[in-house]
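# A closer look at the structure
The chain contents come next:
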Amino acid sequence: MHYVQPELPYQEAALEPAISAKTVHFHYGVHEKTYIENLNKLIVGTQFENEDLEDIIREADGPLYNNAAQAWNHIFYFFSLNPDGGGEPDGELRKAIDRDFGSFEEFKTKFVDAGAKLFGSGWVWLSKDSDGKLFITQESNAGNPIRSGLTPILTFDVWEHAYYLDYQNRRADALNALWQVVDWDIVCTRY
Ligand code: MN
């Protein structure tokens, strides 16, 4: 299988001021492009050559796992954002957020806090288990909750490359700004 990087459904500058055009360019146009190129090189001649990306994330290790997970995580992240996003989730996801975190405001605080306190590079995730219970988890480096049997709903990238050009060391500010551009219509369909 040859993986192709999907075009973003918005312009590089469309997420400003939450994320600058320069950050989208380097993050999606350079970093993500490289993960996908590495993935395409690394799967050649392995048992994973014709597997779905999710199965590679569940089963592979080492550089193949790292590049497969990073390829998947960035597409999931960037396709959760939209210049017309923001606001609040509704429907079943909103009910589950209120049930499992108390309120949408409390969920946002806990999610950003988990991302801000994650040591080093990684991702903060909102996922559900097979019963629909929601979890906020911190994953280091390329970590993805698919590997733990959870279904991802939303993620924020906390690698420095995701925010340093715009926010320098202010990771929590960078994460809080993302609420302006989360596309809850898409995110709610994942619950
Ligand atoms: Mn990233």
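For the structure itself, look to the data block above.
Description of the structure in this document. Only a predicted model underlies this, so the values are computations on that prediction, with no experimental measurement involved.

Within the chain one finds eight helices and three strands. Overall, the chain shows an N-to-C arrangement of helices and strands of α-α-α-α-α-β-β-β-α-α-α. On C-alpha atoms alone, the chain measures out to a radius of gyration of 16 Å, which is about the 16 Å that the 2.2 N^0.38 rule sets for 191 residues. On the principal axes, the C-alpha backbone points of the chain span a range of 50 × 40 × 30 Å.

Turning to the coordination of the manganese ion, a few remarks are in order. Surrounding the manganese ion are the protein donor atoms His27 (NE2), His74 (NE2), Asp157 (OD) and His161 (NE2), which sit 1.9 to 2.1 Å from the metal. Along the chain, the residues donating to the manganese ion are arranged with the sequence spacing H-x46-H-x82-D-x3-H. Of this pair, histidine 27 sits in helix α1 (residues 21–42) while histidine 161 sits in the loop between β3 (151–157) and α6 (164–167), and the two are 134 residues apart along the sequence. Take histidine 27 and histidine 161: they sit in the same class, and that class is buried.

The next thing to look at is unusual backbone geometry. Across the junction of glutamate 16 and proline 17, the peptide omega takes the value 5°, indicating a cis bond. As for its placement among the helices and strands, proline 17 is situated in the segment before α1. Phi is positive for asparagine 141, which is not a glycine, with a value near 55°. Positionally, asparagine 141 belongs in the loop between β2 (134–140) and β3. Unlike most non-glycine residues, glutamine 168 shows phi in positive territory, near 50°. You can see glutamine 168 is positioned in the loop between α6 and α7 (171–178). For glutamine 168, a relative accessible area of 35% translates into the label partly exposed.

Each aromatic ring pair is summarised here by two numbers: the centre-to-centre distance and the angle between the ring planes. Using the criterion set out here, one finds 18 aromatic pairs in the structure. Seen in terms of ring centroids, phenylalanine 104 and tryptophan 179 are 6.4 Å apart; in terms of plane orientation they differ by 70°. Their pairing is edge-to-face. Taken together, the positions of phenylalanine 104 in helix α5 (residues 104–117) and tryptophan 179 in the loop between α7 and α8 (184–189) put the pair 75 residues apart, joining distant regions of the chain. Here phenylalanine 104 falls in the buried class, since its relative accessible area comes to 3%. Taking the centre distance of 5.8 Å and the plane angle of 50° together, the rings of phenylalanine 111 and tryptophan 179 count as tilted.

What counts and what doesn't
Residues numbered from 1 in each chain as written. Predicted model: local features only at pLDDT ≥ 70, side-chain atom pairs only at ≥ 80, totals over all residues. Heavy atoms only, no water. Helix = DSSP H or I, 4+ residues; strand = E, 2+ residues; numbered from the N terminus. Rg over C-alpha atoms; globule rule 2.2 N^0.38 Å. Donors = N, O, S within 2.8 Å, 3.2 Å for Na, K, Ca; no water. Buried < 20%, exposed > 50% of the residue type's maximum accessible area, 1.4 Å probe, protein only. Phe/Tyr/Trp six-rings, centres within 6.5 Å; stacked < 30°, edge-to-face > 60°.

Functional significance is not addressed by these values, which are geometric in nature.
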